[in-house]
Amino acid sequence: MSLSARADALEHRMIEELDRKIVRSVLFTSGDRDPTAPIMPPPGGKPDPRHFLMGDDPRLQKMPARPTLLDFFRHRFAPANHLLQSATHALKAGHDEKTVLACLLHDISVSGFIRADHGYWGAQLIAPYVDEEVSWAIRYHQALRFFPDASVGYDYPEAYIRYFGADYEPEDYVKADWEYARNHKWYMTSRLITLNDIYSFDPNAQVSWDPFIDIIGRHFRQPKEGLGFDGSPCAHMWRTIIWPTKFL
Ligand SMILES: [Fe+2]
Ligand SMILES: [Fe+2]
């Protein structure tokens, strides 16, 4: 059995043992399957007597009732090396704490939510809790990554040639956002994310949360009800990270 077939079989067995039907969102499966295609009936054709999963997915770590940003990093997000390396780089370069926080959270959407358009999603996730400049910078770093700025020594990333091919051209909305952002008063904050991003993939670098705990405390307004439960415009996004497989 191939590795992916073994993983599928293991997941299938775990789902069987849960005694709950788990249906993945279209977003989970789109591309692997065509969402417009009809769903196959279960083998054997008998109706499945189990209920759909609502609430905690037992395959995931238990979240505290009032989760903080760090709880999400602990229990839901991918390892934070890239973010910690970027923020460490920014800290060593002597940038202000707002910029360090922007570097620390710039790819939060890739780590824990949605990869496509990660700058935009990441900015929305944190907007109610940080200075507007921080979320603005995160929103636009995605576009800025594609556009060199010789004035600060930022080149088009070589990695992007490997990732996307030499002839890849960003979509029109990315170009339009670059045009908008380059003339904005907060341009340099977003540009600094891209500058600290580019050198941040060293797998041997030693990084720690220690230097950033107080910076988060000073610049991230943690809601007392917990992220997901404060009624903010993005609370539902945090709840979806807590319960990504909830049926409704
Ligand atoms: Fe990014
Ligand atoms: Fe990044």
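These numbers come from a predicted model, not from an experiment.

Caption draft 1: Spotlight on helix α4 (residues 81-92). The first and last C-alpha atoms of α4 sit 16 Å apart over 12 residues, in line with the 16 Å expected at 1.5 Å per residue. Of all 12 residues in α4, 9 are buried; the element is thus mostly enclosed. Among the residues of α4, H82, L83, L84, Q85, S86, A87, T88, H89 and A90 are the ones counted as buried. Positive backbone phi, at 85°, marks G94, one or two positions downstream of α4.

Caption draft 2: Representation of the nonpolar core. A87, A102, L104 and L105 are the most contacted members of the largest nonpolar core, which totals 38 residues. What A102 contacts, discounting residues up to four positions off in sequence, is V134, A137, I138, T189 and I193.

Caption draft 3: Highlighting the domain arrangement of the protein. Along its sequence, the protein is carved into domain 1 (3-52) and domain 2 (69-241). Between domain 1 and domain 2, the C-alpha centre-to-centre distance is 33 Å.

Caption draft 4: Layout of the UniProt feature "domain: HD" (unreviewed entry) in the protein. Following the UniProt record, one finds the feature "domain: HD" (unreviewed entry) at residues 81-142. Annotated as 74% helix and 0% strand, the span residues 81-142 places its first and last C-alpha atoms 19 Å apart.

Caption draft 5: Structural context of the environment of D19. You can see D19 is positioned in the loop between α1 (3-18) and β1 (20-21). Given 11 C-beta atoms within 10 Å, D19 falls into the exposed group. Taking C-alpha positions, D19 is 6.3 Å from R50, a pair spaced 31 residues apart along the chain.

So, how was this worked out
- Residues numbered from 1 in each chain as written.
- Chains lettered and ligands numbered in written order.
- Predicted model: local features only at pLDDT ≥ 70, side-chain atom pairs only at ≥ 80, totals over all residues.
- Helix = DSSP H or I, 4+ residues; strand = E, 2+ residues; numbered from the N terminus.
- Expected span 1.5 Å × (residues − 1).
- Buried ≥ 20, exposed ≤ 12 C-beta atoms within 10 Å, placed from the backbone.
- Core = buried A, V, L, I, M, F, W, Y, C linked by C-beta atoms within 7 Å.
- Contact = placed C-beta atoms within 7 Å.
- Domains from an automatic or database assignment.
- UniProt positions renumbered as here; feature names shortened; annotations may be inferred.

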